[in-house]
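Coordinate inspection notes
As a plain string of letters, each chain reads:
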Amino acid sequence: MAERLKREVKESRRRGERAVHIPGDRVPRELIVLPQRLHRDLATPPDIHNDGMEPCPETSTIWLQRGADCTLPGKDARGRIAFGRSDTILLMFYLEHLLPFLFPFYRPSLLQGGRAWILEMMISSPVFRRATLCQSSYFFSLAHETANRDLVWETVVAQTRDAFVVLRQSLQVIDGSGVTEHMHGAVRIMASIMQVQRFEIAVLSFNNCQAHLNAALALFRQLLDSPGAEPAGPSSSFNAVISRLGPSSQCVQVPSAEQAAFVFSSTLLILDDIIASTVLQEQPRLYEYHRSLLGNIDSTDPPIDLEAAVGCQNWALLQISEIAVLDAWKQRCKRAGNLDVMELVKRATAIKDSLEAHLTRLETDPVIIPKEGSSLLDVFTADYGRQSKTPASQSSLVTRVWAHAALVYLFVVVSGWQPASFDVRYHVGRIVELLTRQISPPALLRTMVWPFCVAGCLAEGAQEAHLRGMVEALQPPSVFGTVRKALEIMENVWRNRDAGDARSRDLATCFRSQGDLVLLV
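The model shown is predicted, which means the values in this text are computed figures rather than measured ones. (Residues numbered from 1 in each chain as written. Predicted model: local features only at pLDDT ≥ 70, side-chain atom pairs only at ≥ 80, totals over all residues. Heavy atoms only, no water.)

A short note on helix α20 (residues 481-495)
The criterion, for reference: Helical segments are the DSSP runs of H or I of at least four residues, strand segments are the runs of E of at least two, and each set is numbered from the N terminus. Each helix should span, by expectation, one fewer than its residue count multiplied by 1.5 Å. Throughout this description, buried means an accessible area under 20% of the type-specific maximum (1.4 Å probe, protein chains only), exposed means over 50%, and partly exposed covers the range between. Residue contacts are counted whenever heavy atoms from the two residues lie within 4.5 Å of one another.
Compared with an ideal rise of 1.5 Å per residue, which puts 15 residues at 21 Å, α20 spans 21 Å between its outermost C-alpha atoms and is within 8% of the ideal. Listed in full, the buried residues belonging to α20 are G481, T482, V483, K485, A486, L487, I489, M490, V493 and W494. For α20, the elements touching its buried residues are α7 (183-202), α18 (449-457), α19 (464-472) and α21 (507-512).

This is the structure:
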């Protein structure tokens, strides 16, 4: 393993640097340079200069029991990361408006620190701050309705360039070290990569999706495999990492910023990995971790709760992962010429039975909104509390959308492209009905782009206008870029509905029609 990693590092150095494109509207495409190794599996893991108690000079004066951030090289490093008024506005815009829009289901308890970890990371971590600012700058310019589009894109590109520069510097200072003694910094870089990934997806720049996914996956694995992590299993290793990342010195009950960042970023990473596997027809890279991190083992809550971050309960995405594994097995068997159809049906039946049992239970049981223990805080958040229950009440419906889409995905994997079959038409109809009549507000569609696209690709001709209208109702288009991308994929399928090779089509082919890896998240 060590020799393989050394060879990968040498290869990445031999290739040098790679240009990354950020698309612009009516402006020339800008080039942002990244080290090639960030676009590999991070063979040399990110290391942070000092993981002790003493903050490095680039961070704020807020002192917590946590690892220091990286020491950035160069004389102008301090000036580049200093807070300006424009940065302050953008950071507050992110916290108050953009984050609730991007992750409407993510509402951690205020008594557990809420979203304060994001503010703390912005203040103390240059790499996380720049990754966040590029998103905030883009969406803030849209909200401002700036007339000068060229200026808008120049600003966005500059912010993105800063994010890449700081990521590069953070990686360059740790060539010879691993994550063992620098866990806090490694978590900050992992969280920053996920932020950059979300920004690039928002502006429909998918060229680097695979590279950034590889980088984050490598960091995640190295964190869980680091010395000090429990060898008993992924769940124990995950909890050991959490333990080493905190708690903060201010309050033992409140998770540290790095603890919260690791849990949140790991949740997004697992989601991205599962969705990527449906496009690539490969087993999810983190598949061996899924049961331990997402499943209920010995009646204990799983370490990762997808519902709390993206609105979909763990079991639905676990089954989508199983279908992706089944599809990957089927493709290998077909290439080898030894596909056992009976075995395919047997495996698919187990997945189908599990999905239908969960779905039936979800449709028949009343929606129960979890309530936190009453406290004095309820007095201050009474109005907010009533509003905050809306996403929680919707998560059951959102999970049903994902489950119906999972069943459609399963039918395509097992039986091929049969949009006219009774089962496919039923589940597509249920998805459209849930999205149209039950889930509110309509903007929540952007949290269900993958199931929406699955349903749209197999929709009947009579449903096309309705699906198109659902997308066109979401304005402005630039804010709902991934939904528009899903519509492009669907429109391509509709145009070729009667093509001669239509019956050999599968969902992975539909997704790849727009590029090698289009992450609909």
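Now that the structure has been shown, we can carry on.
Observations concerning helix α8 (residues 209-225)
In a regular helix each residue adds 1.5 Å, so 17 residues correspond to 24 Å; α8 covers 24 Å between its end C-alpha atoms and thus fits that length. The buried fraction of α8 is high, at 13 of 17 residues.

With respect to the pattern of salt bridges
Cut-off, in case you're wondering: Salt bridge, as used here, is a side-chain nitrogen of Lys or Arg placed within 4 Å of a carboxyl oxygen of Asp or Glu.
Evaluation of the coordinates by the stated rule reveals 14 salt bridges. One salt bridge in this structure joins E322 and R291, with 3.2 Å as the shortest N-O distance. Of the two residues, E322 sits in helix α13 (residues 314-336) while R291 sits in helix α11 (residues 287-294), which places them 31 residues apart along the sequence. Between E343 and R347 there is a salt bridge whose closest N-O contact spans 2.9 Å. One end of the pair is E343 and the other is R347, both in helix α14 (residues 341-364) and four residues apart, which spans about a single turn. Each of E464, R468, E491 and R497 takes part in salt bridges that share partners, so that together they form one network.

Regarding the packing of α11 against α13
Applicable threshold: Axis angles are defined between N-to-C directions and span 0 to 180 degrees, where every axis is a line fitted to C-alpha atoms and, for a helix, only to the segment in contact. In these notes the angle categories are as follows: under 35 degrees is roughly parallel, over 145 is roughly antiparallel, 65 to 115 is roughly perpendicular, and the rest is oblique. The sense of a crossing depends on the near helix, which, turned anticlockwise from the far helix by less than a right angle, makes the crossing left-handed and, turned clockwise, makes it right-handed. Side-chain classes follow a simple rule in which Ala, Val, Leu, Ile, Met, Phe, Trp, Tyr, Cys and Pro form the nonpolar group, Asp, Glu, Lys and Arg form the charged group, and the remainder, Gly included, forms the polar group.
Remark: α11 packs on α13, axes separated minimally by 11 Å, with the N-to-C direction vectors making an angle of 160°. Relative to α13, the element α11 lies roughly antiparallel. Handedness of the crossing formed by α11 with α13: left-handed. Seen from α11, the contacting residues are Y287, H290, R291 and L294; seen from α13, they are N314, L318, Q319, S321, E322 and V325. For the contact of α11 with α13, the per-class residue count stands at four nonpolar, four polar and two charged.

Remarks on unusual backbone geometry
Cis geometry marks the peptide bond from S440 to P441, where omega comes out at 0°. Relative to the helices and strands, P441 resides in the loop between α17 (422-438) and α18. A cis amide bond links Q475 to the next residue, P476, at an omega of -5°. Along the polypeptide, P476 turns up in the loop between α19 and α20. For L204, which is not glycine, the phi torsion reads 60° and is therefore positive. For L204, the position within the fold is in the loop between α7 and α8. With relative accessibility at 29%, the residue L204 sits in the partly exposed group. With a phi close to 55°, Q281 is a non-glycine residue in the positive phi region. Mapped onto the elements, Q281 comes out in the loop between α10 (257-280) and α11.

Remarks on the side chain of R446
Quick reminder of the rule: Charged residues are defined narrowly, with Lys and Arg counted positive, Asp and Glu counted negative, and His plus the chain ends left uncounted. Pairing of N or O atoms within 3.5 Å defines a polar contact, subject to two protein rules: one partner must be a possible hydrogen donor and the other a possible acceptor, and residues neighboring in sequence count only if both atoms are side-chain atoms.
Note on placement: R446 falls in the loop between α17 and α18. Of the buried charged residues, R446 lacks a salt bridge, with D272 as the closest side chain of opposite charge at 11 Å. Polar contacts involving the side chain of R446 include one to the main-chain carbonyl oxygen of L102, which spans 3.1 Å. Contact partners of R446, with chain neighbours within four places excluded, come to F101, L102, F480 and V483.

Some remarks on the side chain of S321
Structurally, S321 can be placed in helix α13. Overall, S321 belongs to the buried group, its relative accessible area being 1%. Apart from the residues within four sequence positions on either side, S321 is in contact with I274, P284, Y287 and H290.

As for the nonpolar core
For the record, the criterion: The term nonpolar core refers to a set of buried residues drawn from Ala, Val, Leu, Ile, Met, Phe, Trp, Tyr and Cys, joined through side-chain atoms within 4.5 Å.
Membership of the largest hydrophobic core comes to 149 residues, with the highest contact counts inside it found for W117, F220, F262, W402, W450 and F452. Examining the composition of this core, we find that 14 residues originate from one element, helix α16 (residues 382-415), more than from any other. Beyond its immediate stretch of four places on either side in the chain, W402 contacts L271, I275, C312, A316, L317, I320, T447, M448, W450 and P451.

Let's talk about the packing of aromatic side chains
How two aromatic rings sit relative to each other is given by the distance of their centres and the angle of their planes. Let me state the cut-off plainly: Each pair of aromatic rings taken from Phe, Tyr and Trp, with Trp reduced to its six-membered ring, is defined by centres within 6.5 Å and is described as stacked if the planes are under 30 degrees apart, edge-to-face if over 60, and tilted in the remaining cases. Put simply, a charge is over a ring when the Lys NZ or the Arg CZ is close to the ring centre, within 6 Å, and near the line of the ring normal, within 35 degrees.
Within this structure, the stated rule accounts for 14 aromatic pairs. Judged by centre distance (4.9 Å) and plane angle (25°), the ring pair of F238 and F262 falls under stacked. Of this pair, F238 sits in helix α9 (residues 234-244) while F262 is found in helix α10, placing the two residues 24 residues apart along the sequence. Like F262, F238 is buried. Relative to W450, the ring of W402 lies with its centre 5.8 Å away and its plane at 10°, an arrangement referred to as stacked. Here W402 is found in helix α16, whereas its partner W450 is found in helix α18, with 48 residues between them in sequence. A relative accessible area of 4% means that W402 is categorised as buried. An aromatic cluster is present here, built from F103, Y106, W117, F128 and F264 joined pairwise through their rings. In this structure, R347 is placed above the aromatic ring of W329, and the distance from its NZ or CZ to the ring centre is 4.3 Å.

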